[in-house]
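Residues per chain are reported as follows:
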Amino acid sequence: MLSNQYKHIECGVAQGVAQLTLNRAEVHNAFDEVMISEMINAIETFASDSQCNMLILRANGKNFSAGADLNWMRKQAKMDVGQNLADAHELAKLMHVLDKFPKPTIALVQGAAFGGALGLICCCDIAIATARASFCLSEVKLGLIPAVISPYVLRAMGNRQSRRFMLTAERFSADVALTHQVVHEINDDLDAAAAPFIAAFNANSPQGMAWVKTLVSRLEDGVIDDATLNFTSEQIARIRVSDEGQEGLNAFFEKRPPAWQTAKSDPQGAQ
């Protein structure tokens, strides 16, 4: 099991669903360099695992994550610029590999989600929070800035709201997080809320979902020019003639389930 490798996280795959669980409840799942390294390794492993169809990010205990670990922050304060740069690059890599994960991702959030934890949530495709969850971009209280997570937070919340919450460092509720697109849904039964998304992902083409993530990422700047038209035209042309594209179209016209659904429903396919 993957989980045996790690100190601060738990991991596993069952029926195509990978779970990555933050497991430092005694310190509110605050992350340090060890947890960051473990998360990068687990995410990269799941990305290449044929048994993994999707990834759920969650946490043990009362809180999703309090953000940076205090002892880790003390070490950072004693580092020079070069050491801090290397340290920051690792956190940036974590956000990047989660954001670019080639399969659907779901964040299940309870309790506090502060600082860098908000970045992790914004990197996931779907985020669900309990009604009592709370969020905060608290960095400026410490004389810092939410630099590494800022591209993902700005993308989710928009520039206008990000300015407010990054500058005030105020705590905000799950309802506010829903309004500002940090989370997609509020539900105190996180597993029940995740179930319809898991079912939808299982019904869909793995290749199609991976290509959607690439497509959306490429179009983030909102520019529609000749390069955009050429790229989107090429993408649909290529996927139409791909194996999964052909299988999906043929299955639709022949009124039968596509092969990827059949494979997932086969008990031997989940071994």
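Just so it is clear, the structure is predicted and the values come from calculations on it, not from any experiment.

A. Focus on helix H4 (residues 116-123). Extensive coverage of H4 is indicated by the burial of 8 of its 8 residues. Along H4, the residues that are buried comprise Gly116, Ala117, Leu118, Gly119, Leu120, Ile121, Cys122 and Cys123.

B. Representation of the sheet that holds strand S8 (residues 171-173). With mixed pairing, the 3 strands of this open sheet are ordered in space as S5-S7-S8. Because the sheet does not close on itself, it has two edges, and the strands there are strand S5 (112-114) and S8. Taken over all neighbouring pairs, the strand axes of this sheet differ in orientation by 25° on average, direction set aside. The pairing of strand S7 (residues 134-136) with S8 spans 3 bridges and is classified as antiparallel. Each residue of the ladder has a partner; that of phenylalanine 135, found in S8, is phenylalanine 172.

C. Structural detail: the layout of surface pockets. If you add up the space inside the largest pocket, you get close to 920 Å³. Taken together, 34 residues form the lining of the largest pocket, with Ala68, Met73, Gln76, Glu139 and Leu144 sitting closest to its centre. For the lining of the largest pocket, a count of residues per class yields 21 nonpolar, 9 polar and 4 charged. Taken as a whole, the second largest pocket spans an internal volume of roughly 620 Å³. Together, 26 residues line the second largest pocket, and Asp99, Cys124, Asp125, Arg155 and Val216 are the ones closest to its centre. Secondary structure elements with two or more residues in the lining of the second largest pocket: H4, helix H5 (150-157) and helix H9 (206-218). The residue makeup of the lining of the second largest pocket includes at least three contributed by each of domain 1 (9-200) and domain 2 (205-263).

D. Just the environment of isoleucine 149, in detail. Residue position: isoleucine 149 is located in the loop between S7 and H5. In this structure isoleucine 149 comes out as buried when scored by relative accessible area, which is 3%. Setting aside residues no more than four positions away along its own chain, isoleucine 149 makes contact with Met95, Gly115, Gly116, Gly119, Leu137 and Glu139.

E. Here's a closer look at the packing of aromatic side chains. Counted according to the given criterion, the structure contains 4 aromatic pairs. On the numbers, 4.5 Å between centres and 45° between planes, the contact of phenylalanine 165 with phenylalanine 172 is tilted. Among the aromatic side chains, those forming a connected cluster through ring pairs are Phe135, Phe165 and Phe172. Arginine 218 extends its terminal NZ or CZ atom over the ring of phenylalanine 231, reaching a point 4.0 Å from the ring centre.

F. Layout of the domain arrangement of the protein. Its domain assignment divides the protein into domain 1 (9-200) and domain 2 (205-263). Counting residues at the interface gives 9 residues for domain 1, matched by 5 residues for domain 2. In this assembly, domain 1 packs against domain 2 so that about 510 Å² is buried in total across both faces, 46% of it on carbon and sulfur atoms. Of all residues in domain 1, Pro102, Pro104 and Arg155 give up the largest surface area on contact with domain 2, accounting jointly for 53% of the area buried on that side. In this structure, the connection of domain 1 to domain 2 is made through 2 salt bridges. Close ionic contact of lysine 213 with aspartate 125 constitutes a salt bridge, the shortest N to O distance being 2.9 Å. Seen at the junction of domain 1 and domain 2, the total is 5 residue pairs in polar contact (both at pLDDT 80 or more). Among the residues making up the side of domain 1 that touches domain 2, the classes are represented as 3 nonpolar, 1 polar and 5 charged.

Cut-offs applied
- Residues numbered from 1 in each chain as written.
- Predicted model: local features only at pLDDT ≥ 70, side-chain atom pairs only at ≥ 80, totals over all residues.
- Heavy atoms only, no water.
- Buried < 20%, exposed > 50% of the residue type's maximum accessible area, 1.4 Å probe, protein only.
- Helix = DSSP H or I, 4+ residues; strand = E, 2+ residues; numbered from the N terminus.
- Pairing = 2+ DSSP bridges.
- Axes fitted to C-alpha atoms, helices over the stretch in contact; angles between N-to-C directions.
- 1 Å grid on protein atoms, 1.4 Å probe; cavity = no way out; pocket = protein on both sides within 12 Å on 5 of 7 lines; lining within 4 Å.
- Points joined across faces, edges and corners; volume = space filled by probe spheres on them.
- Nonpolar A, V, L, I, M, F, W, Y, C, P; charged D, E, K, R; others polar.
- Domains from an automatic or database assignment.
- Contact = heavy atoms within 4.5 Å.
- Phe/Tyr/Trp six-rings, centres within 6.5 Å; stacked < 30°, edge-to-face > 60°.
- Lys NZ or Arg CZ within 6 Å of the ring centre and 35° of its normal.
- Buried area = accessible area lost by both parts, 1.4 Å probe.
- Salt bridge = Lys/Arg side-chain N within 4 Å of Asp/Glu carboxyl O.
- Polar contact = N/O pair within 3.5 Å; in protein donor to acceptor, adjacent residues only side chain to side chain.

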